[in-house]
Amino acid sequence: MDFLRPTTWEEALAAKADRPGSVPIQGGTDVMVEINFDVRRPPALLDLTRVAELREWSMTGGLCRVGAGVPYAAVVGELAGPLPGLAQAARTVGSPQIRNRGTVGGNLGAASPAGDSHPPLLAAGAVVEVESRERGVRMIPAAEFYLGVKRSALEPDELIRAVHVPPATGPQYFSKVGTRNAMVIAVCSFALALHPRERRVGTGIGSAAPTPRRALEAEELLAAELDWEAPLDPALLRRFGELCARAAAPIDDVRGTAAYRVHAISVMARRTLTWAWNDHLKERAA
Ligand SMILES: Cc1cc2nc3c(=O)[nH]c(=O)nc-3n(C[C@H](O)[C@H](O)[C@H](O)COP(=O)(O)OP(=O)(O)OC[C@H]3O[C@@H](n4cnc5c(N)ncnc54)[C@H](O)[C@@H]3O)c2cc1C
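Below you will find a few notes about this structure. (Residues numbered from 1 in each chain as written. Predicted model: local features only at pLDDT ≥ 70, side-chain atom pairs only at ≥ 80, totals over all residues. Heavy atoms only, no water.)

### A closer look at the pattern of salt bridges
Piece 1. Per the stated rule, a full pass over the model turns up 21 salt bridges.
Piece 2. Here D157 and R135 are joined by a salt bridge, their closest N and O atoms 2.8 Å apart. Here R135 lies in the loop between β6 (127–132) and β7 (136–141) and D157 lies in the loop between β9 (151–152) and β10 (159–165), a separation of 22 residues in the sequence.
Piece 3. Among the residues examined, D157 registers a relative accessible area of 13% and is labelled buried.
Piece 4. According to the relative accessible area criterion, R135 is partly exposed, its value standing at 46%. (Salt bridge = Lys/Arg side-chain N within 4 Å of Asp/Glu carboxyl O. Helix = DSSP H or I, 4+ residues; strand = E, 2+ residues; numbered from the N terminus. Buried < 20%, exposed > 50% of the residue type's maximum accessible area, 1.4 Å probe, protein only.)

In structure tokens:
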């Protein structure tokens with residue numbers, strides 16, 4: 001197996017163009033597990049850890065641009081202010097060791113329906129920046145990035161450079177069900193972001209469908225019926241939970257049954273909206 005070690009982004013793009021079968025490796029917390037278990041044996045690994053810019057984040061054009069190599073530990077430590085939903089999700093990933101190595105870019109690259117970054121990226125309205133040497137940059141909304149189980153819109157000659165996330169303008173919450181509190185793959189998860197200026201609520205469902213997805217009908221319900229000045233209407237809250245559950249399409253597997261996941265999504269949807277709404281009303285009263 002060849003080991004390619006570019007030191008600049010241009011070299012990395014050239015290596016991917018010349019060897020489309022090479023597998024990028026950032027933190028290695030997915031790739032190395034697969035290689036150790038012989039799930040795959042790629043002809044070459046494309047090590048991105050020397051491309052320093054991938055580990056940087058910046059505020060650019062009103063958006064938070066998070067390099068594909070920014071580890072979860074940095075998301076938790078440095079981005080909890082602008083990106084509270086993503087930071088909450090990052091806090092639940094693996095263990096301190098995994099959060100030091102594992103990255104949001106790697107989570108996107110793996111495109112597992114259970115990846116914890118995806119629901120908050122969907123709820124916030126993030127856009128994934130990918131690039132190839134031949135065709136340049138493509139900006140792919142998170143909602144269009146996930147195509148199937150562990151399949152994304154990334155082409156074989158493309159690399160993920162960054163993800164652009166609008167900084168929070170209202171409360172955001174992430175909720176995850178697992179069989180224990182740490183080092184656990186989500187049985188299912190849910191993220192919610194209030195966008196008070198647009199009078200809109202964003203959602204993201206994880207591990208309860210072939211891909212991470214938004215609960216579009218539930219979002220439309222709140223856009224039409226939520227009174228942003230008043231306490232939450234219990235009937236509206238219940239319908240929101242039902243529509244979020246209806247957006248899920250889970251399977252039975254070793255981690256949980258489809259029926260349990262559907263139920264849990266409705267509970268998490270109601271809880272996260274209640275938490276966010278309490279914060280919203282407190283902020284208005286302050
Ligand atoms: C013990 C353990 C616990 C875990 N717990 C969790 C958890 O709680 N929640 C969770 O979501 N995940 C968890 N994971 C999975 C993993 O840590 C995450 O998916 C992490 O985000 C992967 O990031 P990475 O940088 O290590 O990716 P890598 O392993 O380096 O890469 C992952 C995939 O992305 C591709 N890739 C990486 N960078 C790029 C790029 N720039 N462009 C294109 N493709 C790229 C790789 O080719 C590969 O297909 C766990 C893993 C382990 C081993």
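Alright, that's what it looks like, and here's the rest.
### Structural notes on the site of the ligand
Piece 1. In the region of the ligand, 33 residues are neighbours, and P24, T29, D30, Y72 and T103 sit closest.
Piece 2. R40 is positioned such that a nitrogen or oxygen atom in its side chain is 3.2 Å from an oxygen atom of the ligand.
Piece 3. Here an oxygen atom of the ligand and a backbone polar atom of G106 are 3.3 Å apart.
Piece 4. Calculation on the ligand without its partners gives an accessible area of 990 Å², and the protein chains cover 88% of this total.
Piece 5. Looking at the shell around the ligand, the elements that each hand over two or more residues are β2 (23–25), α2 (31–36), α5 (96–101), α6 (104–110) and β10.
Piece 6. Here the shell around the ligand gets 4 residues from one element, more than from any other, and that element is α6. (Near = heavy atom within 4 Å. Polar contact = N/O pair within 3.5 Å; in protein donor to acceptor, adjacent residues only side chain to side chain. Areas by Shrake-Rupley, 256 points an atom, 1.4 Å probe, with all protein chains shown as cover.)

### Regarding helix α4 (residues 84–91)
Note: α-helices contain 3.6 residues per turn, so residues at a spacing of three or four share the same orientation.
Piece 1. With 7 of its 8 residues buried, α4 lies for the most part within the structure.
Piece 2. Packed against the buried residues of α4 are α3 (72–78), α5, α6, α7 (118–124) and β11 (172–177). (Contact = heavy atoms within 4.5 Å.)

### Quick word on the pairing of strand β5 (residues 63–67)
Piece 1. Of all 5 residues in β5, 4 are buried, a share of seventy percent or more.
Piece 2. Connecting strand β4 (residues 57–60) to the next strand, β5, in antiparallel fashion are 2 residues, including G61 with a positive phi near 55 degrees.
Piece 3. In terms of strand pairing, β5 meets β10 through 4 bridges, oriented antiparallel. Bridging from a neighbouring strand, V66 pairs with V163 of β10. (Pairing = 2+ DSSP bridges.)

Limitation: the analysis is restricted to geometry and does not speak to function.
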